[in-house]
Structure formats: C-alpha cells, structure tokens
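Working through the structure, step by step
Now for the letters of each chain:
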Amino acid sequence: MVEMKHAEPRIRILLCGGIGSGKSVAGRRFQQLGATVIEADRIGHAVLHPDGEAFAAVSERWPAAVVGNRIDRGLLADIVFADPEQLTELEALTHRPIIRRISELALITDDLVVEIPLILDVPGNWIRVLIDADEDIRLRRAVERGAAETDVKNRISSQPSRDEWLSWCDVSVKNNGPIEDLYEQIDALWHGRRTTDYGLRP
C-alpha cells in the first residue's frame, strides 16, 4: 500500500511597500529561501503589451503615450503620475487583469511571493507583508539608484501613505537599517509562517 504524505501548505505573500522601501531586496531574500517571486510591475507590463488585456483601452484613453503601436510606459507614467485622477483611471483599467493573472499563477505555483507597489486585493489567503522605511531614507535610496528627486517625490505622493499601508498589511517589517537586519526579519517570518496555519493556503 502506498502511504500518502500530507502536502506542506503553500505560502502566499503579497510583498508591499513604496519606492525605496527595500521591497525588491526583501523579494530577493524570499527567493533565496525557496519562494517563486514575481513583480506585479512585470505583469503590468504584460497587460499593456499590444496583445495584453488592457492595451486597447489604455491606448485609446492616452493616445499620446502610444509610440509605434506600443504603449511607451515612460510617457504614460509622466502623464498619470502628475495627475491623481488619471492615475486612478489607469488603475481601474489595469488592476483587474493584473489581479486575474496573479490569481492564475497562484493556482500553479508552490510558495509564491508577489511584489506590489500599490494596494491590490487579490482573492485568496495571502499574508500581506509591508516593508516599511522612513520617507527620507526611501528618498535617499531611490536617488542613489539614479532616479531624479522630483520623480521620486511624485511617486511617493502617488502611492499609499504609510498609515494606509499599515492599516492594510498583516505584518510590518522595518527596514531603516543594514541589509542584515532586513534579512533576519525576513528569515524569521519565512520560518515562522512555515510552522503555523496563519496566512497559508492548503
């Protein structure tokens, strides 16, 4: 007789945080620990591709961002990040297909971490982990990576506030210090979640 072993629960994490918070660094650590890590931004690229679900609606709404039958995401960002109402319009057109693609990936992937720069309510049993850093530190990090200070400030103002992130997330990881401190917290979260039922989908 073949003995069927109980499968280990699969981890589902929405890894959130604003620009310069260290979200991508945390994502790389989760990947080292064995998770499949995807960026919601990359899925956003895909839905804006000429064969993507949001291409037709977005190109019709912002024809100035279309170059050579493709949406220039830089031009589109320049438009919408300068106008909160237009940013909300763009999110209304892109978030649904992005969420659908994430949900499809969750069905076929073992341990999955999705990096999200904005609040996304993805159906399912997810742990919402915030990488939290002070705004002046986030600004400095982003500028050191080569971004213009004005652009970074615009991005920060267009993203959820710290209070909004904290009220939405399940777990907050402080990232004002060295990378070793961040890794220690991520490791503790990973191993702790593997021994509890909280936030896990069987």
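The paragraphs below set out a description of the structure included in this document. Owing to the predicted nature of the structure, the values given are computational and were not obtained by experimental measurement.

The residue T94 is located in helix α5 (residues 84–108) in this model. On the accessibility criterion, T94 (8% relative accessible area) is buried. Setting aside residues up to four positions removed in sequence, T94 forms contacts with V47, L48, A54 and V58.

It is worth spelling out the side chain of Q86 at this point. Its location among the elements puts Q86 in helix α5. On the basis of relative accessibility, which here comes to 16%, the residue Q86 falls in the buried class. Beyond its immediate stretch of four places on either side in the chain, Q86 contacts R61, W62, I79 and V80.

Further remarks concern the nonpolar core. By size, the foremost hydrophobic cluster in this structure holds 31 residues, and its most contacted members are V58, L76, I102, V114, I116 and W126. Looking at this core, the elements that each hand over two or more residues are β1 (10–16), α2 (40–48), α3 (55–61), α4 (73–80), α5, β5 (112–116) and α8 (162–168). With 6 residues, the top contributor of residues to this core is α5. Residue contacts for I116: discarding those within four places in its chain leaves L14, L15, C16, G17, K23, A40, W165 and W168. In this structure, I13, V173, L189 and W190 belong to the second largest nonpolar core, which totals 17 residues.

Tallied over the entire structure, the rule returns 11 salt bridges. Between K153 and E149 there is a salt bridge whose closest N-O contact spans 3.1 Å. Here K153 pairs with E149, and both are found in helix α7 (residues 149–158), just 4 residues apart, close to one helical turn. Among the residues examined, K153 registers a relative accessible area of 45% and is labelled partly exposed. Its relative accessible area of 41% is what places E149 among the partly exposed residues. The structure contains a network of salt bridges with shared partners spanning D132, D134, R162 and K174.

What counts, and where the lines are drawn
- Residues numbered from 1 in each chain as written.
- Predicted model: local features only at pLDDT ≥ 70, side-chain atom pairs only at ≥ 80, totals over all residues.
- Heavy atoms only, no water.
- Helix = DSSP H or I, 4+ residues; strand = E, 2+ residues; numbered from the N terminus.
- Buried < 20%, exposed > 50% of the residue type's maximum accessible area, 1.4 Å probe, protein only.
- Contact = heavy atoms within 4.5 Å.
- Core = buried A, V, L, I, M, F, W, Y, C linked by side-chain atoms within 4.5 Å.
- Salt bridge = Lys/Arg side-chain N within 4 Å of Asp/Glu carboxyl O.

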